[in-house]
Amino acid sequence: MTQISKASQVAALANDIVSVKDFGAVGDGVTDDTAAIQAALDTGSNVTFPKGSFLCGEVAINTRGVVVQGQGKHLTAIIPNNQASTRAIFKVGNERVSIRGFWFKPASYTKGIQDVSNTARPIWFENMTNVDAALTWVDVSDNVFENIRGAAIYIKSPLRESWIYNNNFIGMGNPTTGEGVIEGDINETFVDNINNVWIYKNTFYRAATPFINLEAVNGSTPSKHFCDSMWIEENLFHGQLLDVTTNDGSSGVVQAEPTDQVYVQSCSRLRIRNNTFTSYHGEHSAIRVGILTTFQENDDVIVTDNCFACDDNGSYTGVGVLLIDCTSNIVTNNVMVSGRQTLDIRVWDTGTFSINPRVKVENNVPTEGTPIGVSLPRTISTYRVKNISS
């Protein structure tokens, strides 16, 4: 690491903005810049990265209210040097942190192919003072996450009042462990572990695990919801087969099948609006809202103004929208490429809870002349089904 004078560091701190270059980062993609980056973050100031490729291990962002800023997508690259699926690159341990303008990519980069040896979790949320306490007002925007085997965003502590906005996720997730592209792994017993979170205007492309995977944790408070008030809006989910290198040392590429594109468990006030879902197939769904038996039923789920297009490969057995054990279900004004699957919309009461679902499935539009396929539970209390036939 290049040595920088104390006077230069003090001058930078006076402006409350420091560059990692001020602390000796090189950015040539070869030099290990971890120590320089950590030194910049430890000042407590906002931190900028110039154009370049920065080889970085795990660094901690523990100052409240800082902005960590690259120069833009494909201009400032962050390359993991730890190569371990259980390791972070940027580990966020305090609230009101913004991470913007980076390209997270592997050291051995081949466009369109995930290499099994390139493993890490680029952004990891975990309250380092108290893992049980929530992180709030976190912003991850205008980044690219590409071909690293692991969750792009890994949520270990409760997350509230936060934004994941205008990012590109390409070839992320871990098919071996089932880790999603945005992965919730909160092992706490609090109410509303995911609360007031916006996932907005992102592009998700190629994965063999869910793009959004927020599974409830067994053992949490059974009378409370795991996710409360979450908005998934104006995203593109494109579930094309993920190309991955073989893991047996031989050359070649294999294709990994995608799974459910959005999977959320134990939720209340979930809004999924104005998204596009393409190339979901097999036995999986574009949207699956599920339960964990120790939790409450789902409540107040609205799926509206989306576009759905599953693969036309003759083997699709899944459901476009699958809502399980939800007391209030509204699926309206969606456009669906119908006729390629048995069902487009299913509201399912498993009998786990004593509920009488309320359902509104209305004004959904088929694109190929075949009526929208809908399945409702026998326990339904009130319903309205009136879709456009052609």
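J.: Quick rundown of the side chain of Asn364? Include the residues and the values.
T.: Here Asn364 shows up in the loop between β36 (358–362) and β37 (365–366). A polar contact of 3.0 Å, which involves the side chain of Asn364, links it to the backbone oxygen of Val331.

J.: Report on helix α2 (residues 34–41), specifying residues and quantitative values.
T.: For α2, a buried count of 6 out of 8 residues is recorded, marking the element as mostly surrounded by other parts of the structure. Taken together, the buried positions of α2 are occupied by Thr34, Ala36, Ile37, Gln38, Ala40 and Leu41. For α2, the elements touching its buried residues are β1 (17–19), β2 (28–32), β3 (46–48), β4 (52–56), β5 (59–61) and β6 (67–69).

J.: Which residues make up the sheet that holds strand β29 (residues 287–290), and what values do they have?
T.: Strand order in the open sheet formed by 11 strands is β5-β8-β11-β15-β18-β21-β26-β29-β32-β35-β38, with parallel pairing between adjacent strands. A strand with exactly one partner marks an edge of an open sheet, and here the two such strands are β5 and β38 (374–375). Alignment of β29 against strand β32 (residues 319–324), held across 3 bridges, turns out to be parallel. Bridged to Val289 within β32 is Leu323.

J.: Tell me about the environment of Thr379, residues and numbers included.
T.: Along the chain, the position of Thr379 falls in the loop between β38 and β39 (382–386). With 23 residues separating them along the chain, Thr379 and Asn356 place their C-alpha atoms 5.4 Å apart. Other than its neighbours up to four places away in sequence, Thr379 contacts Asp349, Ile355, Asn356 and Pro357.

J.: Pulling in residues and values, what's your account of the nonpolar core?
T.: If you look at the biggest cluster of nonpolar residues, it comprises 79 residues, and the most contacted ones within it are Phe49, Phe90, Phe125 and Ile153. Residues in contact with Ile153, not counting those within four places in the same chain, are Ile123, Phe125, Val140, Phe145, Ile164, Phe169, Val181, Ile182 and Glu183.

J.: Give a detailed account of the side chain of Asp139, specifying residues and quantitative values.
T.: Position of Asp139 among the secondary structure elements: in strand β13 (residues 139–141). In this structure the side chain of Asp139 is engaged in a polar contact, spanning 3.0 Å, whose partner is the side chain of Arg100. Excluding its chain neighbours within four sequence positions, the residues that come into contact with Asp139 are Val97, Ser98, Ile99, Arg100 and Trp163.

J.: Residue-level account of the state of the cysteines, with values.
T.: Tallied over the full model, the rule gives 0 disulfides. In this structure Cys267 is not part of a disulfide, and its nearest cysteine sulfur, from Cys326, lies 6.4 Å away.

J.: Which residues make up the environment of Ile155, and what are the values?
T.: On the secondary structure map, Ile155 appears in strand β15 (residues 153–155). Owing to a relative accessible area of 3%, Ile155 belongs among the buried residues under this scheme. The spacing of Ile155 and Asp185 is 30 residues in sequence and 5.8 Å in space, taken between C-alpha atoms. Contact partners of Ile155, with chain neighbours within four places excluded, come to Phe125, Ile182, Glu183, Gly184, Asp185, Ile186, Ile194 and Leu214.

J.: Which residues make up the confidence of the model for the protein chain, and what are the values?
T.: When the pLDDT values of the protein chain are averaged, the result is 83; 79% of them are 70 or greater. Counting interchain partners and residues more than four positions distant, the pLDDT-below-50 stretch residues 1–5 has 12 contacts.

J.: Quick one: what's the story with the packing of aromatic side chains, residue by residue and with numbers?
T.: Tallied over the entire structure, the rule returns 19 aromatic pairs. Consider the rings of Phe211 and Phe237, whose centres lie 6.0 Å apart with planes at 40°: the pair is tilted. On the criterion of sequence distance, the pair formed by Phe211 in the loop between β20 (203–205) and β21 (212–214) and Phe237 in strand β23 (residues 236–238) is long-range, its members being 26 residues apart. Taken individually, Phe211 and Phe237 each receive the classification buried, so the pair is uniform in this respect. Note on Phe277 and Phe308: the rings are 5.1 Å apart at their centroids and 5° apart in plane angle, and the pair reads as stacked.

J.: Tell me what's going on with the sheet that holds β37, and back it up with residues and numbers.
T.: The strands making up a sheet associate through hydrogen bonds between their backbones, and the pairing can be parallel or antiparallel. Ordered by their spatial adjacency, 12 strands build an open sheet running β2-β4-β7-β10-β14-β17-β20-β23-β28-β31-β34-β37, and the pairing between neighbours is parallel. In this open sheet, the two strands that pair with only one neighbour each are β2 and β37. Across 2 bridges, strand β34 (residues 335–336) lies against β37 in parallel orientation. Residue pairing in the sheet places Met336 in a bridge with Pro366 of β37.

J.: With reference to specific residues and values, describe the environment of Ala40.
T.: Locating Ala40 in the fold gives a position in helix α2. Using a relative accessible area of 0% as the deciding quantity, one classes Ala40 as buried.

J.: Mind laying out the pattern of salt bridges, listing which residues take part and the relevant values?
T.: This structure, assessed with the given rule, holds 13 salt bridges. Between Arg121 and Glu179 there is a salt bridge, with the nearest N and O atoms lying 2.5 Å from each other. With Arg121 in strand β11 (residues 121–125) and Glu179 in the loop between β17 (168–170) and β18 (182–184), this pair connects stretches of sequence that are 58 residues apart. Assigned by exposure class, Arg121 and Glu179 land together as buried. Salt bridges sharing partners connect three or more residues here, namely Glu58, Arg87, Lys91 and Glu126.

Rules and cut-offs
- Residues numbered from 1 in each chain as written.
- Predicted model: local features only at pLDDT ≥ 70, side-chain atom pairs only at ≥ 80, totals over all residues.
- Heavy atoms only, no water.
- Helix = DSSP H or I, 4+ residues; strand = E, 2+ residues; numbered from the N terminus.
- Polar contact = N/O pair within 3.5 Å; in protein donor to acceptor, adjacent residues only side chain to side chain.
- Buried < 20%, exposed > 50% of the residue type's maximum accessible area, 1.4 Å probe, protein only.
- Contact = heavy atoms within 4.5 Å.
- Pairing = 2+ DSSP bridges.
- Core = buried A, V, L, I, M, F, W, Y, C linked by side-chain atoms within 4.5 Å.
- Disulfide = S-S within 2.5 Å.
- pLDDT = per-residue confidence, 0-100.
- Phe/Tyr/Trp six-rings, centres within 6.5 Å; stacked < 30°, edge-to-face > 60°.
- Salt bridge = Lys/Arg side-chain N within 4 Å of Asp/Glu carboxyl O.

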